[in-house]
Amino acid sequence: MKITNSTVSNGASTLRSEALEKKGATDVSSRKTGANTSDRVELSVNRAKIDQLTSALASLESTNTGKIESIKSSIADGTYNVSGRAVAEKMLQSIGLLKAGDNESE
């Protein structure tokens, strides 16, 4: 089957008129535009805003740069220690089983 621009346009107008009939449109023929119309796509303003914010965030420097570098050097030196208890408490807090500041050691 050869698909041409008129085939696509005719198929699209058929689908549109069927949809209008289902919605109870009273004058489908007046809304039918023909094969020479063109569809158009508009990008939302939100997408442009998201792109703008993403680039702005990428250009910002991390506020924890000093802490991150300190942890990196501790890991490299082999002196970075993680408390198993602290990890477990954070995990329980993240799933809502423990409130911040609660201590289940007693």
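Details of the structure are given in the entry above.
Residues numbered from 1 in each chain as written. Predicted model: local features only at pLDDT ≥ 70, side-chain atom pairs only at ≥ 80, totals over all residues. Heavy atoms only, no water.

Looking now at the pattern of salt bridges. Enumeration according to the criterion identifies three salt bridges in this entry. Close ionic contact of Arg47 with Asp51 constitutes a salt bridge, the shortest N to O distance being 3.6 Å. Note that Arg47 and Asp51 are positioned in helix 3 (residues 45-59) at a spacing of four residues, about one turn of the helix. Residue Lys72 pairs with Glu69 through a salt bridge whose shortest N-O separation is 4.0 Å. Here Glu69 and Lys72 lie together in helix 4 (residues 65-77), a separation of three residues that amounts to about one turn. The exposure class of Glu69 is partly exposed, given its relative accessible area of 43%. (Salt bridge = Lys/Arg side-chain N within 4 Å of Asp/Glu carboxyl O. Helix = DSSP H or I, 4+ residues; strand = E, 2+ residues; numbered from the N terminus. Buried < 20%, exposed > 50% of the residue type's maximum accessible area, 1.4 Å probe, protein only.)

So, on to the environment of Glu89. On the secondary structure map, Glu89 appears in helix 5 (residues 84-94). Assessed through its relative accessible area of 22%, Glu89 is described here as partly exposed. Residues Glu89 and Lys99 lie ten residues apart in sequence; the distance between their C-alpha atoms is 9.0 Å.

Attention shifts here to the side chain of Ser74. Mapped onto the fold, Ser74 is located in helix 4. By relative accessible area, Ser74 is classed as buried at 18%. When residues no more than four places from it in sequence are discounted, the contact partners of Ser74 are Thr79 and Tyr80. (Contact = heavy atoms within 4.5 Å.)

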